[in-house]
Amino acid sequence: MNAYLASVIEHVKKVHGNEPEFVQTVEEVFSSLEPVIEKHPEYEKVDLLTRMVEPERMFTFRVVWMADDGTWHTNIGYRCQFNGALGPYKGGLRFQPNVYPGIIKFLGFEQVFKNSLTGLPIGGGKGGADFDPTGKSDAEIMRFCQAFMQALYRYIGPDIDVPAGDMGVGGREIGYLFGEYRRLKGAWENGVLTGKGFASGGSLVRPEATGYGAVYYPENVLKHEGEDIQGKTIACAGFGNVTWGICKKAMQLGAKVITLSGPDGYIYDPDGVATAEKVDYLLTMRASGRNKVKDYADKFGVAFYPGEKPWGVKADVVMPSAMQNDVHMEQAKQIAANGVKYYIEVANMPTTNDALKFLMEQPGMIVAPSKAVNAGGVATSALEMAQNSERLVWTAEEVDAQLHKIMNTIYQMSVDAAEEYGLGYDLVAGANIAGFKRVAEAMMEQGVF
Ligand code: GLU
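Presented here is a report on the structure given in the accompanying data block. Keep in mind that this is a model prediction, so the values were computed, not measured. (Residues numbered from 1 in each chain as written. Predicted model: local features only at pLDDT ≥ 70, side-chain atom pairs only at ≥ 80, totals over all residues. Heavy atoms only, no water.)

The next point concerns the nonpolar core. By size, the foremost hydrophobic cluster in this structure holds 101 residues, and its most contacted members are Phe30, Tyr217, Tyr296 and Phe436. Looking at this core, the element that brings in the most residues is helix H18 (residues 427-445), giving nine residues. Phe148, Met149, Leu152 and Ile174 belong to the second largest nonpolar core, which has 26 residues in total. (Core = buried A, V, L, I, M, F, W, Y, C linked by side-chain atoms within 4.5 Å. Buried < 20%, exposed > 50% of the residue type's maximum accessible area, 1.4 Å probe, protein only. Helix = DSSP H or I, 4+ residues; strand = E, 2+ residues; numbered from the N terminus.)

So, in C-alpha cells, the structure goes:
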C-alpha cells in the first residue's frame, strides 16, 4: 500500500483504536484510494487524508428526561460535524443503546462520502444518543426529544448543520425535535431538520426514499447484466423504514422481498412481502414499539426462525438492510454457496471488511456498496431542504423523478470513477473514489485548516 495512506491508517488505529467501527470504515474507504493518492501527490503535501479522518468538530451533551413514573433518566447525546466542505453538515440521528463515539464517527465518515456522491451541496455529519426507544410511551419519546433538542439547538441551523433520522428516529421523533427547535428559536428557519411530516414542511416521498433508491440502484446493475428486476426474489433484513420502502418499490416493479428480520430472528415469506396489506403491516409493527418481527409471522402464517439471520435463504438479490456488521465471514460463505449473483448493501457498513473482500472475489458476484445504494435517503433530504428554502412543495412525482435521476447518476459516477483508474466494473472502489474526489477538490480549493 502507498506509504502515505498506510501512515494515516496507522494514525487512525493509534488514536481511535478503541473505536473499531470507525477504524473499519476508514480502512475500507482507503483501500480503494491508492491509485488516486499516487496520481495526486499534492494531497500528501497538505496532509489531506489526516484532515479527512478527523471530524471538524464532535461533541457530547447531557440529555435528562422524565419517565412516565416520575423517575429521571440521563443519557448521552452526540453530534459529529465531520466535514463541511461541500455544504452544511448533513446526517441523521441514531437513538440506540449501543451508541458511543465509535458508532457516531463511523456513520459520520460514511456520510461524508455518501453525501458527496449525491452531487448535492451537503457536508457530512451524524449524531444520536444511547437512548433505547423500545417500549417507551409516546409522552416519554416526546420528552426525550425535547430534552435532546434543548441541548443541541444552539449548534445546528439550516446553513450550519441539518439533522435527520436514522435508526430509532423516524417521522414522529423528527416532529418533536422540530417542534422544540421552533419553540426555542422562535423561527421556522427553513425547516432545519429533514424527514419532517408533510404538514410540517417535509418532502413527499422522503419516508420511502432510502428504500426506493435502494431498488433504483440495483435496477442499473441488473440492466448492466442484461437482466430485469421484475420477477426477482430479494432477501432483506430489518423491518424498519428502509426495508419498508424496499418492499413497496419492489412490489411496484414486480419483484418480491421474501425475508425480514428483527432482534428476535427472521421470517421467510415465499409469496413475498408483496401486497399492500403486508407492506402496511410493517408500519403497524414499527409503531407498536415492540421491535419483534415474529408479529409478521403470526399475522400472515409464515415461518419464523428465532435468533437467526436470513442469510442462508436462497434469493436472487441479497440486501443487508438492517444494521452495521450484520454479515460476517460465516454468512458471506453461505451467501456465496447459495450462488447469489447480486449482493447489494443497504444498511451503513452491513458487511465486515473481510466478508466484503471475500464476496467481491467470488466469480460472477456483483457487490454494490451501501454508501451509494442508500444515498437516496439523504439525497431526498437535500431535496426537502431545497423545497423549504424555496417555500415550495414539489409533487410526489417530481421528487420521485429527481430521486431516480440521482440514483442513476450515483451509479454512473461510480462506474466511471472505477474505469478512470483502470479498476474495471468495481462499484465498491468506484463509489469510494467518486465520493472522495469531490470532497478532496473542495478541501483543496478552501485552503488548509
Ligand atoms: N440517516 C440517513 C443516512 O444514513 C439519512 C440522513 C439524512 O437524511 O440526513 O443517510
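Here the focus is the side chain of arginine 51. Considering the arrangement of structural elements, one finds arginine 51 in helix H5 (residues 48-53). A polar contact is formed between the side chain of arginine 51 and the backbone oxygen of valine 46, at a distance of 3.1 Å. Each residue touching arginine 51, except ones within four places of it in the same chain, is listed here: Val46, Met443, Gly447, Val448 and Phe449. (Polar contact = N/O pair within 3.5 Å; in protein donor to acceptor, adjacent residues only side chain to side chain. Contact = heavy atoms within 4.5 Å.)

Further remarks concern the pairing of strand S1 (residues 57-66). Across 10 bridges, S1 lies against strand S2 (residues 72-83) in antiparallel orientation. If you follow methionine 58 over to S2, its bridge partner there is cysteine 80. Connecting the antiparallel pair S1 and S2 is a turn made up of five residues, with glycine 70 showing a positive phi of about 90 degrees. (Pairing = 2+ DSSP bridges.)

Let us look at the packing of aromatic side chains. Applying the stated rule across the entire model yields 22 aromatic pairs. Where phenylalanine 131 meets phenylalanine 144, the ring centres are 3.8 Å apart and the plane angle is 5 degrees; that geometry is what we call stacked. In this pair, phenylalanine 131 is assigned in the loop between strand S4 (124-129) and helix H7 (138-152) and phenylalanine 144 in helix H7, connecting sequence segments 13 residues apart. Judged by relative accessible area, which is 0%, phenylalanine 144 ranks as buried. Ring centres 5.5 Å apart and planes at 90 degrees place the aromatic pair tyrosine 281 and phenylalanine 300 in the edge-to-face group. (Phe/Tyr/Trp six-rings, centres within 6.5 Å; stacked < 30°, edge-to-face > 60°.)

Quick look at the sheet that holds strand S12 (residues 366-368) now. Strand pairing in a sheet takes place through backbone hydrogen bonds and is either antiparallel or parallel in direction. Pairing within the open sheet is mixed, and its seven strands lie in the order S9-S8-S7-S6-S10-S11-S12. Two strands close off the open sheet at either side, each with one partner strand: strand S9 (303-306) and S12. On average, adjacent strands in this sheet sit at an angle of 15 degrees to one another, irrespective of strand direction. Where strand S10 (residues 317-319) lies against strand S11 (residues 342-344), two bridges are found, and the strand directions are parallel. Within the sheet, the bridge partner assigned to valine 318 lies in S11 and is tyrosine 343. (Axes fitted to C-alpha atoms, helices over the stretch in contact; angles between N-to-C directions.)

Our next topic: the sheet that holds strand S3 (residues 89-95). Taken in spatial order, the five strands make up an open sheet running S1-S2-S4-S3-S5, and their pairing is mixed. Either end of the sheet is taken by a strand with one partner, and the two such strands are S1 and strand S5 (161-165). Averaged over all adjacent pairs, the angle separating strand axes in this sheet is 20 degrees, with direction ignored. This element, helix H6 (residues 101-117), spans S1, S2, S3 and S4 of the sheet and lies at about 150 degrees to S4.

Let's shift gears to the environment of glycine 186. For glycine 186, the location among the structural elements is in the loop between helix H8 (171-185) and helix H9 (206-224). A C-alpha to C-alpha distance of 45 Å links glycine 186 and glycine 265, two positions 79 residues apart in sequence.

Next up on the list: the pattern of salt bridges. Counting across every chain of the model gives 25 salt bridges. Its salt-bridge partner being lysine 341, residue glutamate 225 comes within 3.3 Å of it at the nearest N-O pair. With glutamate 225 in the loop between H9 and strand S6 (233-236) and lysine 341 in the loop between helix H13 (329-337) and S11, this pair connects stretches of sequence that are 116 residues apart. A relative accessible area of 29% means that glutamate 225 is categorised as partly exposed. Take lysine 341: its relative accessible area is 26%, and that puts it in the partly exposed class. A salt bridge links lysine 294 to aspartate 298, with the shortest nitrogen-to-oxygen separation between them at 3.1 Å. Taken together, the residues span about one helical turn, with lysine 294 and aspartate 298 both in helix H12 (residues 294-300) at a distance of four residues. What emerges from the salt-bridge pattern is a single network uniting Glu225, Glu227, Lys232 and Lys341. (Salt bridge = Lys/Arg side-chain N within 4 Å of Asp/Glu carboxyl O.)

We note that valine 205 has phi near 75 degrees; this positive angle belongs to a residue other than glycine. Looking at the secondary structure, you find valine 205 in the loop between H8 and H9. One non-glycine residue with positive phi stands out, namely asparagine 291, at about 60 degrees.

Attention shifts here to the site of the ligand. Around the ligand there are 13 residues in total, and Lys90, Lys114, Gly165, Asp166 and Ser381 lie nearest to it. A distance of 2.7 Å separates an oxygen atom of the ligand from a polar side-chain atom of lysine 90. Protein chains shield 93% of the accessible area of the ligand, which is 300 Å² for the free molecule. Residue assignment for the shell around the ligand shows that the elements contributing at least two residues are S3, H6, S5 and helix H16 (375-390). Here the element with the most residues in the shell around the ligand is S3; it accounts for three residues. By residue class, the composition of the shell around the ligand is two nonpolar, six polar and five charged. (Near = heavy atom within 4 Å. Areas by Shrake-Rupley, 256 points an atom, 1.4 Å probe, with all protein chains shown as cover. Nonpolar A, V, L, I, M, F, W, Y, C, P; charged D, E, K, R; others polar.)

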